Amino acid sequence: MQHEVSTLRGKVESRARKAIRNRRSSHYFMLFIALFGACMIIGDGVITPSISVLSASSGLQRSLSNIKYTSSTDAEQTISDDLRKYVPVPSACIITVGLFILQYYGTHKIGFMFAPIVTIWLLFISGVGMYNVFHWDPKIFSAISPVYMYRFVRKINKASWKSLNSILLCVAGSETMFTDLGHFSKRSIKLTFVCVIYPALVLCYAGQAAFISKHWNGTENFNHLSESVPKHLRHVFILLSLLASAVGSQATITATFSIINQCLTLGCFPRVKVIHTSDKRRGQVYIPDVNWLLMALSLSVTIGFHDETRIANAAGMTIVFGMIVTTCMMSLVIALYWEKSLFVSGCFLMFFGFVEAVYVSACMLSFHKGAWYLFVISAVSFTIMLAWHYGTMKKYEFDLQNRVSTEWLTDYSPGLGVSRVRGIGLIYTDIVTGIPAFFSHFITNLPAFHQVLIFVSFKPQPVPCVPPGERYLVGRVGNKDYRIYRCIVRYGYCDQVRDTDNFEEQIIGSIGEFISLEESDCESLASPEGRMMIVGKPLVDSNALIPIHDTTSVAGSTNIANNETLASPSGDFIERKTAVRRKKVRFLIPDSGARMRLSVREELQELIDARESGTAYFLGQSHLTVRDDSNFLKKFLIMAFVFLDRNCREPPVALNIPHAALVEVGMVYII
């Protein structure tokens, strides 16, 4: 009987997987849901710092409004309204700018600095909550009963329905807590939430409810949190709330960095600079471009709305839509990853989806009161990510479809009159098999290439650093006589490959090591083009080539112009260009090379001679265009991708390429 049940379950699972795999519409739906959820997190990173800091600054305004002058003329007057209205927004802007400036130091240092603030804040609101519960209404904990929720739903009207939007702010921050999984471990988040955060929030809200039950006056500007604090602790509360608002905003900012970093990995976000601030946890990242953009948008929300209620409406919309996306994706995880039945997955989706749909309907009633701003940010973010993903996928598909085989380069090109010239050609490509389309386009129009060709590809690894002895994966392309190699450079997220000045020397050294060890190596890896070998010994320890640093002026050496400003006797400033000479590295075959096989020694000598003749770097520059019969959506997405590609950061080639040796090959991609 159990075997029949497992067989039936396997059939259901296979049908679900098969339906998702074969139906392209399901792929589009999952892509839409994932990008929409990412847009909600980005919107949360804009709105939450604004609402958190502005609400805390408003508490400072209320504190100042209760201060009375001690002079005779103003003894009976409070601070004027003109002074009070200029306090919250400027102070909120100052705190917001300071918060975003701190992001440069990374999650670990910021968390170490903010940890005492969070601890004191949680102890403070817990203590105030317990005081209010025992002082005003010890029976308030009975309100946790679901009976009151049933009574609320049974007697609901439009006013109480709209209040559901404000209830969402009680759980604000829970979505970013799980988005920050890349910054902290699962166990730490679970223990912190269950043992510290949740009890503190229950005590805090219970104390506020107990205070409201005895002091509700129905005024519009009544703030139950600040009013529930004993008067002799109000100033302490204002200070702690300002600091805690910065801490609360920090969670959403780091969550935004995490989600954008994941979108970058999936090819769904334009190229930006990602700085890994920790060599222990991969998810702790800092993205400078996104940080300053979030700061500008958050300041625009604070200055533009300068109203807590309108910003809160947008924040509530962000939270509930983030929950809906989480529910939809979680139902897929239950069915496909946990391998539960579709009935269990459907029940999960229906139950939580119904509850969240109720809150969505309440939030939509406040759409015209600030929530529309979230949709503007989300629409722009969604368009950018969708256009970049579509353009990247089409470009990669074009490269795969139009690449040529290695036989075309090695066997057919000599018959087409292709000649070999002295030197080394380094061809950067994203594909690890075959010949990239831009290089075949180059040879077709200019039938010549170097006597030694090296196809270089960069592949990131999910580790902080790749040891130098495991960094280079080298193999041949075609027959040994063609002198064509492929080198895959593997690097970790903390490796500074881009700043390596001796990258060319390392590539030549790894090729030389591969040549010397090729025939005796038994641990080479299989690839579609033949065997590939992991190499990467330090050049000083290599038995194949010995590097010699030559600081004299030699042919092929590279000079870098450097501007120097001098003061003339007349007081004017004159800019003079000076030349900073880079060290030229020569290679020699060691004395032990006499014991090498003649073919190996000849190949190494040919590599050295080609290096002395000069090196050229080939990079492909793609220009995407659409067919005339394409629809409007396709034309718009490609146009947006081209605009983003031209205005974002350059591709991470990770090469310090001299401009005199750079050859960019342009090619039109017709999509």
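Keep in mind the model is a prediction, meaning the values are calculated, not measured.

What counts, and where the lines are drawn
Residues numbered from 1 in each chain as written. Predicted model: local features only at pLDDT ≥ 70, side-chain atom pairs only at ≥ 80, totals over all residues. Heavy atoms only, no water. Salt bridge = Lys/Arg side-chain N within 4 Å of Asp/Glu carboxyl O. Helix = DSSP H or I, 4+ residues; strand = E, 2+ residues; numbered from the N terminus. Buried < 20%, exposed > 50% of the residue type's maximum accessible area, 1.4 Å probe, protein only. Pairing = 2+ DSSP bridges. Expected span 1.5 Å × (residues − 1). Contact = heavy atoms within 4.5 Å. UniProt positions renumbered as here; feature names shortened; annotations may be inferred. Axes fitted to C-alpha atoms, helices over the stretch in contact; angles between N-to-C directions. Parallel < 35°, antiparallel > 145°, perpendicular 65-115°, else oblique. Left-handed = near helix turned anticlockwise from the far one by under 90°. Nonpolar A, V, L, I, M, F, W, Y, C, P; charged D, E, K, R; others polar. Core = buried A, V, L, I, M, F, W, Y, C linked by side-chain atoms within 4.5 Å. Patch = residues over 30% accessible without salt bridge, like charges linked within 9 Å, V, L, I, M, F, W, Y side chains within 5 Å. Areas by Shrake-Rupley, 256 points an atom, 1.4 Å probe, with all protein chains shown as cover. Polar contact = N/O pair within 3.5 Å; in protein donor to acceptor, adjacent residues only side chain to side chain. Phe/Tyr/Trp six-rings, centres within 6.5 Å; stacked < 30°, edge-to-face > 60°.

A. The arrangement of the pattern of salt bridges in detail. The final tally for this structure, using the stated rule, is 7 salt bridges. With a shortest N-O distance of 2.7 Å, R271 and D645 are connected by a salt bridge. Taken together, the residues span a long stretch of sequence, with R271 in the loop between α12 (234-265) and β1 (275-276) and D645 in helix α21 (residues 632-647) at a distance of 374 residues. Of the two residues, R271 and D645, both sit in the buried class. R476 serves as the salt-bridge partner of E603, at 2.8 Å between the closest nitrogen and oxygen. Note that E603 is positioned in helix α20 (residues 598-613) and R476 in strand β5 (residues 472-476), a separation of 127 residues in sequence. Each member of the pair E603 and R476 is classed as buried. The network of salt bridges with common partners includes E504, E505 and R611.

B. Structural detail: the pairing of strand β13 (residues 615-625). Here strand β3 (residues 419-428) pairs with β13 via 4 bridges, running parallel. Counted as the bridge partner of L426 is Y617 from β13.

C. Geometry of helix α15 (residues 342-364). Counted at 1.5 Å a residue, the expected span for α15 with its 23 residues is 33 Å, and the 31 Å between its end C-alpha atoms agrees. Buried within α15 are the following residues: S345, E356, V360, A362 and C363. Residues of α15 that are buried in the fold lie against α7 (158-162), α8 (164-167), α14 (308-337) and α16 (367-402).

D. Summary view of the UniProt feature "transmembrane region" (unreviewed entry) in the protein chain. As annotated by UniProt and renumbered to match this structure, "transmembrane region" (unreviewed entry) occupies residues 28-47, 112-134, 191-216, 236-264, 311-335, 342-360 and 372-391. Between the C-alpha atoms that bound residues 372-391 there is a distance of 29 Å. The span itself is 100% helix and 0% strand.

E. The packing of helix α5 (residues 106-136) against helix α10 (residues 186-215), seen in detail. The N-to-C vectors of α5 and α10 enclose an angle of 40°; their axes lie 7 Å apart at closest approach. If you check the angle between α5 and α10, you find them oblique. Viewed along their axes, α5 and α10 form a crossing whose handedness is left-handed. For the pair α5 and α10, contact is made by L122, I125, S126, G129, M130, N132, V133 and W136 and by V196, I197, A200, L203, C204, A206, G207, A210, F211, K214 and H215, respectively. By residue class, the composition of the contact of α5 with α10 is 13 nonpolar, 5 polar and 1 charged.

F. Inspection of the nonpolar core at higher detail. In terms of nonpolar packing, the biggest core is built from 59 residues, with F257, I260, F269, V290, I311, F321 and M385 touching the most fellow members. With 13 residues, helix α2 (residues 24-65) is the single largest residue contributor to this core. Contact partners of I260, with chain neighbours within four places excluded, come to I42, F269, I287 and V290.

G. How the structure looks around the packing of α12 against helix α13 (residues 288-305). Interhelical geometry of α12 versus α13 gives an angle of 130° and a closest axis separation of 11 Å. As summarised for this structure, α12 and α13 are arranged oblique, according to the angle between their axes. In this structure, α12 meets α13 at a crossing whose hand is right-handed. Contacts between α12 and α13 involve T256, F257 and I260 on the former and, on the latter, V290, N291 and L294.

H. Seen up close, α14. With 30 residues, α14 should cover 44 Å at 1.5 Å per step; its first-to-last C-alpha distance of 41 Å lies within 8% of that length. With its phi angle positive at about 60°, E339 sits one or two positions after the end of α14.

I. Seen up close, a nonpolar patch on the surface. Together, M364, F367, W372, V376 and V380 make up an exposed nonpolar region whose accessible area comes to about 420 Å². Considering each element in turn, the nonpolar patch owes the most residues, 4 residues, to α16. Its place among the elements puts V376 in helix α16.

J. Geometry of unusual backbone geometry. Phi angles above zero are rare outside glycine, and H306 is one such case at about 35°. Of note, H306 is situated in the loop between α13 and α14. Taking relative accessible area as the criterion, H306 reaches 54% and is therefore assigned exposed. We note that R483 has phi near 60°; this positive angle belongs to a residue other than glycine. Locating R483 in the fold gives a position in the loop between β5 and β6 (484-491).

K. Structural view of the side chain of S50. With respect to the secondary-structure elements, S50 resides in helix α2. A distance of 2.8 Å separates the side chain of S50 from the side chain of T302, its partner in a polar contact. Setting aside its immediate chain neighbours within four residues, S50 contacts S298, V301, T302 and I311.

L. Main features of the packing of aromatic side chains. According to the stated counting rule, one finds 27 aromatic pairs in the structure shown. The interplanar angle of 85° and the centroid separation of 5.6 Å between the aromatic rings of F36 and F321 together place this pair among those described as edge-to-face. You can see F36 sitting in helix α2 and its partner F321 sitting in helix α14, a full 285 residues away along the chain. Overall, the relative accessible area of 19% leaves F36 in the buried class. Relative accessible area serves as the criterion here: at 13%, F321 is assigned to the buried category. A centroid spacing of 5.9 Å and a plane angle of 80° characterise the contact between F257 and Y286, whose relative ring orientation is edge-to-face. Here Y286 lies in strand β2 (residues 285-286) and F257 lies in helix α12, a separation of 29 residues in the sequence.

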